[in-house]
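Structural overview
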Amino acid sequence: MKKIYFAILSCLLASLSANAQEDVTEKYIKNPDFEINYLTYWTTSGMQMQNNASFGKHGGVYVEKWVASGSVGTGYIRQELKSLPQGKYTLTVKAKLTGGTQKGAVIFAGDSTTTVTDEADYSVDFTHLHGNITIGLKFTSATGNWVCCDNFRLVRHGDAYEGAAEEDARLYQAERDSLANLYANASGATPTVVGSDYIAIGSTFALGRSTITNNGASIKERGYCYSTSNPEPTVMDNTSTYTYSHEGIIYVIEPLAPQTFYWVRPYVITNDNVVAYGEPKYIATLPKGGSTWTYGYEGNDEQNARIVQAVNNGIVNYNDCMGLKNFNLNSHYVYGAGAGDGTADCNYEGWMRISQKEAYQRTGTVQHEFAHGVGVGTAPSWSDTNIHKWEWFGRRANDLVKFFENSNNVQVVGDGTHTWAQNTNGRTNALINYGINGAGEDNNTQLLYRANAMLVEAEHEDGLNARPSYHNGTPCYSFAYYPNKKYYLMNKSDECGLGEGLLYQLRVTSIAWKSYKNCEVSDSAAWYIEYIPASGYYTFKNVMSGRYLTNKDNNIALRTATRPTSTEYFQLMPDRTDVTINHDGKKITTHGYWFTWYNTENKAMQASALDEKTGYGTISQKTFNSSNSATNQQWIIISEDELENYNMRPAVPTDIGTITIDDKEVEGVKTVVGIYTIGGAKLSSTQPGINIIRYSDGTSKKVFVQ
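Notes on the structure in this doc start here.

Calculation criteria
Along each chain, residue indices are assigned from 1 in the same order as the chain's sequence is written. Confidence filtering applies because this is a predicted model: local features only for residues at pLDDT of at least 70, side-chain atom pairs given and counted only at 80 or more, and all residues used for totals across whole chains, interfaces and linings. Only heavy atoms go into the side-chain values, all of them from the structure, while hydrogens and water stay out. Each residue gets one of three labels from its accessible area relative to the maximum for its type: buried under 20%, exposed over 50%, partly exposed in between, using a 1.4 Å probe on protein chains only. Helix and strand assignments come from DSSP, with helices taken as H or I runs of at least 4 residues and strands as E runs of at least 2, each series counted from the N terminus. To define a nonpolar core, start from buried Ala, Val, Leu, Ile, Met, Phe, Trp, Tyr and Cys residues and group those joined through side-chain atoms within 4.5 Å. Contacts are assigned to residue pairs with any non-hydrogen atoms lying within 4.5 Å of each other. The pairing criterion is simple: DSSP has to find at least two bridges between the two strands. By definition, a salt bridge exists where a carboxyl oxygen of Asp or Glu is found within 4 Å of a side-chain nitrogen of Lys or Arg. Between N-to-C directions, angles span 0 to 180 degrees; the directions come from axes that are lines fitted to C-alpha atoms, helices contributing only their stretch in contact. Each pair of aromatic rings taken from Phe, Tyr and Trp, with Trp reduced to its six-membered ring, is defined by centres within 6.5 Å and is described as stacked if the planes are under 30 degrees apart, edge-to-face if over 60, and tilted in the remaining cases.

By the criterion of burial, helix α6 (residues 395-405) is predominantly enclosed, with nine of the eleven residues buried. Along α6, the positions that sit buried rather than exposed are Arg395, Arg396, Ala397, Asn398, Leu400, Val401, Phe403, Phe404 and Glu405. A positive backbone phi angle near 55 degrees is found at Asn406, which sits one or two residues after α6.

Listed below in structure tokens is the structure:
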């Protein structure tokens, strides 16, 4: 993974005291004690995980190579630390090599090494000046028959020498400038990069795919770049090349901050240093999950160590993949718990029992049971036939597995208590074991654990209630929008404007829908969308008036608000059926959303049929109806581009920019004597949207200002 944090790094280096001692393990070493998803982020050769008590491990697992007789030979476990700041460091590792003359094993940091023999904490001191450095344990023609290690720790003791911080920052900036110049002046074949429409999102990471056409180029690097501020992120921002392999390449975009907006897009760099990009996507990460765990320590030492490691690991994964707060997994060792002569079980309140069988004292078991604790097979809403009846009908969960499997021919399914995925239309590819429904499905990979947790989160977003106190599932970033872009709302019911009607501002505070078929669409029907990452809700601001859509006072209306409050928050729950709207050969195939919320009961925004006398249909709030047939509560969100392509026409932008009173028209010498909104309100200068311009000769013109 490559991260270019030059500006941030410069500030960090400047702030480090020349003599300060600091434990920087968590800053620079990923998964230092193998407790989070086992060997994730480490590269190994000849070594594997072990969880017995034969070595004084830290937590539940350690890494080893063991042979019954002879020598362990050659192997390693290592990790590259990216952009490690200059300084004096000590790397400490618990390790040992036993049998024979105990030669050939070392812990290392760059070229610095310390020999490993009997079990102990081994330290290696090193001075790092600039760039990346690789750390780990390696053994070459080792004479012992058992080598193992655990619990890497890194301490920084201050600057490498006086002025090293400034020199390090200068070198990073020089490298950045050199790269920018190299990429700007590169020539050669340019690949075509197309990113996946769907981006899977957690709290500290996101997942994307890309399709790359080489066009004759040879590619040396591929990944995703991302930024919180640059709408078109480049490789000079932050980049990630870390991947999973399943049905092609899945790019892991990390590290990300929880509940934060990012622009992300795929890139490739050729051997000629030509950089090509896909289209950027605007995403928002989930809030960091707040689930906790407790354990009763009812087993022996080895059982307790395995269970504690598994429970902690599972909770870390769920908190990375799910924004759920205030849930505690209350875990216990109980002989014979679960099915048969011992597996595991858990109820909706989070009371989990793990049996004596070692195969079930693992992370996969904990995550499977965690899912039961938050509603899978246990919540009353699990039996809601609107979302689940053998097949899972919810869109969020199915879109997620289609992304993971890189295919539309896959479906989430489930029985009375479990969930998984299956192929459709004759597809035979091996699927991720999303439910981890048995110890045999646990392959100890981060991909599996994240896929499992993200599927449960997606089912919550489809309407499964994670806790008894939840009502409409979990609000989430379900509609990917672009800031400051205009959107339009169309009801999905044939009687309420499907294919022709749009929601618009009727009067100062009231809204309605009316037909705009073959008409120019004014900004009274346009909306700016904003998502609130901390809560999972959306707001809608009318472009013409700047008033917010609100569900205040048992009504659906518009309200002036400097800062929207909870009555302006709407949960967008995707509906489950596609619809094609067709007019004069123009088609849009799409789906809708319930605009829903909970106050004293589940509510949703609902349209009524057109009143021929008034020429519009009214909007009200009604009890939320989650059935597919409730199309008058389902709303299609259409971008300005889509609207223009369809056949309704947004106001056409002109070349006219901001105009003020007494300005002269571009074409001649007429003086502007008045500027008005489409509703007749007088303005001192034009505003974004439609404006009526009146001239000194008595003529007027309608203009659109971007």
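Once that is clear, we can look at unusual backbone geometry. Backbone torsion omega between Glu254 and Pro255 reads 0 degrees, so that peptide bond is classified as cis. Its location among the elements puts Pro255 in the loop between β19 (249-253) and β20 (261-270). For Asn273, which is not glycine, the phi dihedral falls at a positive 70 degrees. Within the secondary structure, Asn273 is located in the loop between β20 and β21 (275-277). Assessed through its relative accessible area of 14%, Asn273 is described here as buried.

On to the nonpolar core. Among the nonpolar cores identified, the biggest contains 90 residues, and Leu91, Leu137, Leu154, Leu207 and Phe404 are the most heavily contacted of them. At nine residues, the largest contribution of residues to this core is made by helix α7 (residues 446-461). Excluding anything up to four places from it in sequence, Leu91 contacts Ile29, Ile107, Phe108, Ala109, Tyr122, Ser123, Val124, Phe126, Ile135, Phe152, Arg153 and Leu154. Of all hydrophobic cores here, the second largest spans 46 residues; its members include Ile219, Val264, Ile529 and Tyr593.

With that settled, the discussion passes to the pairing of β20. Extensive coverage of β20 is indicated by the burial of nine of its ten residues. Relative to β20, strand β16 (residues 219-227) is paired through eight bridges, and the arrangement is antiparallel. When the bridges of β20 are listed, Ser227 appears paired with Trp263. Pairing of β20 with strand β22 (residues 281-284), which is carried by four bridges, proceeds in the antiparallel orientation. In the sheet register, Val264 faces β22, and the bridge partner there is Lys281. Across three bridges, the pairing between β20 and β21 is antiparallel. When the sheet's bridge partners are listed, Tyr267 is paired in β21 with Tyr277. Between the antiparallel neighbours β20 and β21 lie four residues, among them Asn273 with a positive phi of about 70 degrees.

Overall, the coordinates contain 24 salt bridges when judged by the stated rule. Glu119 is paired through a salt bridge with Lys96; the nearest N and O atoms lie 3.5 Å apart. Residue Glu119 is located in the loop between β8 (112-115) and β9 (120-128), and its partner Lys96 is located in strand β6 (residues 87-98); the two are separated by 23 residues in the primary sequence. For Glu119, a relative accessible area of 34% corresponds to the partly exposed category. Its salt-bridge partner being Glu302, residue Arg306 comes within 3.5 Å of it at the nearest N-O pair. Linking Arg306 with Glu302, this pair stays in helix α4 (residues 301-321), spanning four residues, or about one helical turn.

The strand order β23-β24-β26-β25 describes an open sheet built from four strands, whose pairing is mixed. This sheet does not close on itself; its edge strands, each paired only once, are β23 (292-295) and β25 (344-346). Across the sheet, the mean angle separating the axes of adjacent strands is 20 degrees when strand polarity is ignored. Pairing geometry for β23 and strand β24 (residues 328-333), over four bridges, is parallel.

If you walk through the whole model with that rule in mind, you get 36 aromatic pairs. The interplanar angle of 65 degrees and the centroid separation of 5.5 Å between the aromatic rings of Phe34 and Trp42 together place this pair among those described as edge-to-face. On the basis of relative accessibility, which here comes to 0%, the residue Phe34 falls in the buried class. Consider the rings of Tyr224 and Tyr251, whose centres lie 5.7 Å apart with planes at 50 degrees: the pair is tilted. Linking Tyr224 in strand β16 with Tyr251 in strand β19, this pair joins segments that are 27 residues apart in sequence. Each member of the pair, Tyr224 together with Tyr251, is buried.

With antiparallel pairing, the four strands of this open sheet are ordered in space as β13-β14-β19-β18. The open sheet is flanked by β13 (200-201) and β18 (243-245), the only strands paired with a single partner. By the bridge criterion, three bridges tie β18 to β19 in an arrangement that is antiparallel. The partner of Thr243 across the bridge, within β19, is Tyr251. Sheet strands in contact with α6 are β13, β14 (206-208) and β19, and its direction is about 55 degrees off that of β14. Relative to β18, α7 is tilted by about 90 degrees, and along the sheet it contacts β13, β14, β18 and β19.

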